[in-house]
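Single-letter residue listing:
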Amino acid sequence: MLQQTQVKTVLPRYTAWFEVFPDVQTLAATHIDDVFKQWEGLGYYRRARFIHESSQHIAQSFDGKFPHKFEDILSLKGIGQSTAGAISSFCFQTHTPVLDGNIKRVLSSWENKVLTDKELWNIAQGWIDKTDKPDLWNQAMMELGATLCGAKKRGCAACPMQQNCLSAFTEAPKKLSSIKVKHVFWQVHLFQHEKHGIWLEQRPKSGIWAGLWTPPIQELDAKPTQQPDYIHQLTHRKVHLYLKNQEEEPQGNGQWFKSWEGLAVPTGIHRLFEQKV
Ligand code: SF4
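Owing to the predicted nature of the structure, the values given are computational and were not obtained by experimental measurement. (Residues numbered from 1 in each chain as written. Predicted model: local features only at pLDDT ≥ 70, side-chain atom pairs only at ≥ 80, totals over all residues.)

### Section: the overall build of the protein chain
No. 1: Each helix and strand in the protein chain was counted, giving ten helices and seven strands.
No. 2: For the protein chain, the spread of C-alpha atoms along the principal axes amounts to about 70 × 50 × 30 Å.
No. 3: In the protein chain, buried positions account for 23% of the 277 residues. (Helix = DSSP H or I, 4+ residues; strand = E, 2+ residues; numbered from the N terminus. Buried ≥ 20, exposed ≤ 12 C-beta atoms within 10 Å, placed from the backbone.)

### With respect to the domain arrangement of the protein chain
No. 1: Structurally, the protein chain comprises domain 1 (7-92) and domain 2 (182-276).
No. 2: Spacing between the C-alpha centres of domain 1 and domain 2 amounts to 28 Å.
No. 3: Counting from both sides, the interface comprises ten residues of domain 1 and, opposite them, six residues of domain 2.
No. 4: At four residues, helix α3 (residues 32-39) tops the list of elements feeding residues into the side of domain 1 that touches domain 2.
No. 5: For the side of domain 1 that touches domain 2, the per-class residue count stands at three nonpolar, two polar and five charged. (Domains from an automatic or database assignment. Contact = placed C-beta atoms within 7 Å. Nonpolar A, V, L, I, M, F, W, Y, C, P; charged D, E, K, R; others polar.)

### Some details on helix α7 (residues 101-111)
No. 1: Burial in α7 covers these residues: I103, V106, L107 and S109. Buried residues of α7, seen end-on, are gathered within an arc of 155° and therefore sit on one face of the element.
No. 2: The first or second residue beyond α7 is N112, which carries a positive phi of 55°. (Arc of directions from axis to C-beta.)

### Observations regarding the pairing of strand β5 (residues 230-233)
No. 1: The pairing of β5 with strand β6 (residues 237-246) spans four bridges and is classified as antiparallel. Paired with Y230 across the strands is L241, a residue of β6.
No. 2: Between β5 and β6, which pair antiparallel and follow one another directly, the connecting turn spans three residues. (Pairing = 2+ DSSP bridges.)

### Things to note about the environment of P266
No. 1: Positionally, P266 belongs in the loop between β7 (255-257) and α10 (267-276).
No. 2: Its 23 C-beta neighbours within 10 Å are what place P266 among the buried residues.

### Looking at the packing of α7 against helix α9 (residues 134-146)
Each packed pair of helices is defined by two parameters, the angle between the axes and the distance between the axes.
No. 1: Following both chains from N to C, one finds α7 and α9 inclined at 85°, their axes separated by 8 Å at the closest point. Classed by the angle they form, the pair α7 and α9 counts as roughly perpendicular. Within the contact between the two elements, α7 uses N102, I103, R105 and V106 and α9 uses M141, M142, L144, G145 and A146.
No. 2: Tallied by class, residues from the contact of α7 with α9 come to six nonpolar, two polar and one charged. (Axes fitted to C-alpha atoms, helices over the stretch in contact; angles between N-to-C directions. Parallel < 35°, antiparallel > 145°, perpendicular 65-115°, else oblique.)

Set out below in structure tokens:
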């Protein structure tokens, strides 16, 4: 939940999640639409899909118990080498390094050069192999990268690793690139009927808002002249939404719903509806 979402947003949702899904079996037996519903507002829904798929994998392959072996943890959907390293070291004290963006920066500082991912993994492994407290080591590395050894500012005077660091007391390197944001323009076709309700389609299983319910959406080739009704910001994309009320009968794979409330509708469409529908 914390990946790309702030702690203060996650905390109440984390507690609520376990009230609805108290164990792996309950989650595994739940339909994905209801899992999405519980996830609503947290964004990046593929995380919910991954957790759901992982719960089914754990229920089927590991007798409903979270696996202890690093390779088995790595086999869970959405868990890469770094996350598997974190879980495995924190829970089972394995010598498996964590390598997030902050730790990469710390290790590069120690070596005072730009390193490839392969080199970073080798160096991280070399360090963690020297300790008999791999869980504490990983947590300390994450903390160092998040606090003292920042991307813009370094607190070398207080750093416990200054003796081992080739770039101690030098300036932090300038950031070379920033995230490029792509703008997309989407027409949202709203079919509303007094008797039938609202017409919604389920989005494809991949791409933006995968598996969620929205009115039919058409991507426009060019930016319309009028102002968008709502702009939804994602990490690499700005989605400009233009609402169009439709009079004729809808076509395609959608269905009528009495209301969109209670359905797994993406936050961007939620906001659009709140303002316009
Ligand atoms: S000594 Fe400075 S540059 Fe080196 S790891 Fe510590 S904070 Fe980062």
